Amino acid sequence: MIKILLKYKLRRFFSAEQKNLISLAGLIIALSVFIVIFQVISFELSFDKFHPDYKNIYRVQNKRIYKNLVDDSAGCPPATGPTVKNEIPDIDNFTRVKPLSNSVITIQKNGENSNYPHNNLFYADNSFFNIFFSDFLLGNRTEALSETGMAVVSRSFALKYFGTVNILGGHFTCNSADGFSEFTITGIIEDWPENSYLNFDCLLSYRSLENLHSDAINGWGWNSFNTFVQLNPNANVASVEQQLKGVVAKYHLSGE
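Residues numbered from 1 in each chain as written. Predicted model: local features only at pLDDT ≥ 70, side-chain atom pairs only at ≥ 80, totals over all residues. Heavy atoms only, no water.

### Observations regarding the environment of Asn 130
Secondary-structure assignment places Asn 130 in helix H4 (residues 128-131). Distance from Asn 130 to Arg 141, taken between C-alpha atoms, is 8.3 Å for residues 11 residues apart in sequence. Apart from the residues lying within four places of it in its own chain, the contact partners of Asn 130 are Asn 93 and Gln 230. (Helix = DSSP H or I, 4+ residues; strand = E, 2+ residues; numbered from the N terminus. Contact = heavy atoms within 4.5 Å.)

Here you go:
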């Protein structure tokens, strides 16, 4: 009886116009939630698809199997890239990317050095721009990271620290957990979209890291490098995966 009376009172309490407004508000909320969910899903599914050859670009996953531990991560030894390129014919190209930690860049302004803690820096092979699309504003993409002491920076980096994008030939130093190096800016690129796995605004030549650490040349014990490979468009991915297992066996990389 109480329940029936309550429903009756509620019906009398809300007028027809109020009921319509409530229904409209509910519809608006439902549509808003749908739009937000749709945008989130679309954003997630669009990651790194701005690269023209994205369908043939793969990141090598490193699964290290020990007696009491299985370590599955994106971190690979530096020898991974050149080795799989030489061993597997369907791999056309590779590039290694290593983030810097605890990095501080130093820029000279008006005769004085200014220090800035900065995190979005990576060492990268010169082949990086052969695999990943980057809109070069200044500089030569084919040689921008080819030698020791070269750096490619984004528009945001240039404006933040130099106040202009016209900084080709500019200099800065970088001190990080990997060591200290001096760099000359050999390229300025447009900022990458946010829907990318790699979040950087400065790339440092891989050869600079090799000068600091000989293990970065062809070592197997340093698992801090993301390795990306570009497959031949006619490659069979399943076959490449099987050949990767062969590389693991050949170089005794199972960790057991």
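### Here's the deal with the environment of Phe 94
Its location among the elements puts Phe 94 in strand S4 (residues 91-99). Sequence separation of Phe 94 and Thr 83 is 11 residues, and the distance between their C-alpha atoms is 9.8 Å. Setting aside chain neighbours within four positions, we find Phe 94 in contact with Gly 81, Pro 82, Lys 85, Asp 125, Ser 127, Ile 131, Phe 228 and Val 229.

### A few points about the environment of Leu 145
With respect to the helices, strands and loops of the structure, Leu 145 is situated in the loop between strand S8 (136-139) and strand S9 (150-154). On the basis of relative accessible area, Leu 145 is assigned to the buried category, the value being 2%. Residues Leu 145 and Leu 203 lie 58 residues apart in sequence; the distance between their C-alpha atoms is 8.1 Å. Among all residues touching Leu 145, those that are not within four sequence positions of it are Ala 124, Asp 125, Asn 126, Phe 129, Met 150, Ala 151, Val 152, Leu 203, Leu 204 and Ser 205. (Buried < 20%, exposed > 50% of the residue type's maximum accessible area, 1.4 Å probe, protein only.)

### Some words on the layout of surface pockets
If you add up the space inside the second largest pocket, you get close to 230 Å³. Forming the boundary of the second largest pocket are 11 residues, of which Asp 48, Ile 57, Arg 59, Phe 132 and Phe 228 lie nearest the centre. With three residues, strand S1 (residues 57-59) is the largest single contributor of residues to the lining of the second largest pocket. Looking at the lining of the second largest pocket residue by residue, the class counts come to eight nonpolar, one polar and two charged. (1 Å grid on protein atoms, 1.4 Å probe; cavity = no way out; pocket = protein on both sides within 12 Å on 5 of 7 lines; lining within 4 Å. Points joined across faces, edges and corners; volume = space filled by probe spheres on them. Nonpolar A, V, L, I, M, F, W, Y, C, P; charged D, E, K, R; others polar.)

### A word on the side chain of Ser 146
Counting through the fold element by element, Ser 146 comes out in the loop between S8 and S9. Look at Ser 146 and you get buried, because its relative accessible area is 18%. Looking at Ser 146, its side chain comes within polar contact range of the main-chain oxygen of Glu 143, at 2.9 Å. (Polar contact = N/O pair within 3.5 Å; in protein donor to acceptor, adjacent residues only side chain to side chain.)

### So, the pairing of strand S5 (residues 104-109)
With six bridges joining them, S5 and strand S6 (residues 112-117) adopt antiparallel strand pairing. Looking across to S6, one finds that Lys 109 is bridged to Glu 112. Examined bridge by bridge, S5 and strand S10 (residues 171-176) share three bridges and lie antiparallel to one another. Bridging across to S10, Thr 106 finds its partner in Thr 173. (Pairing = 2+ DSSP bridges.)

### Re helix H5 (residues 155-162)
Along H5, the positions that sit buried rather than exposed are Phe 157, Ala 158 and Tyr 161. Seen end-on, H5 carries its buried residues on one side only, within an arc spanning 100°. Tucked into the core, H5 has its buried residues touching S5, S6, S9 and strand S12 (202-205). Positive backbone phi, approximately 80°, marks Gly 163, located one or two places after H5. (Arc of directions from axis to C-beta.)

### Some words on the packing of aromatic side chains
Within this structure, the stated rule accounts for 17 aromatic pairs. Judged by centre distance (5.8 Å) and plane angle (20°), the ring pair of Phe 128 and Trp 192 falls under stacked. Highlighted residues: Phe 128 in helix H4 and Trp 192 in the loop between strand S11 (179-189) and S12, separated in sequence by 64 residues. For the pair formed by Phe 128 and Trp 192, the shared burial category is buried. Judged by centre distance (5.9 Å) and plane angle (90°), the rings of Phe 128 and Phe 200 are edge-to-face. One end of the pair, Phe 128, is in helix H4; the other, Phe 200, is in the loop between S11 and S12, and 72 residues separate them in sequence. For the residue pair Phe 128 and Phe 200, the accessibility class agrees, reading buried in each case. Among the aromatic side chains, those forming a connected cluster through ring pairs are Phe 122, Phe 128, Phe 129, Phe 132, Phe 136, Trp 192, Tyr 197, Phe 200 and Phe 228. (Phe/Tyr/Trp six-rings, centres within 6.5 Å; stacked < 30°, edge-to-face > 60°.)

### Let's talk about the nonpolar core
The biggest cluster of nonpolar side chains holds 23 residues, and the ones touching the most others in it are Ile 105, Val 153, Phe 172, Cys 174 and Leu 204. Listing elements by their share of this core, those giving two or more residues are S5, strand S7 (121-124), S9, H5, S10, S11, S12 and helix H6 (206-212). Every residue in contact with Cys 174, bar those within four places of it in the chain, is listed here: Leu 100, Ser 103, Val 104, Ile 105, Leu 121, Gly 179, Phe 180, Ser 181, Phe 183 and Leu 204. One finds Ala 124, Ala 144, Leu 145 and Phe 228 within the second-largest nonpolar core, a separate group that totals 18 residues. (Core = buried A, V, L, I, M, F, W, Y, C linked by side-chain atoms within 4.5 Å.)

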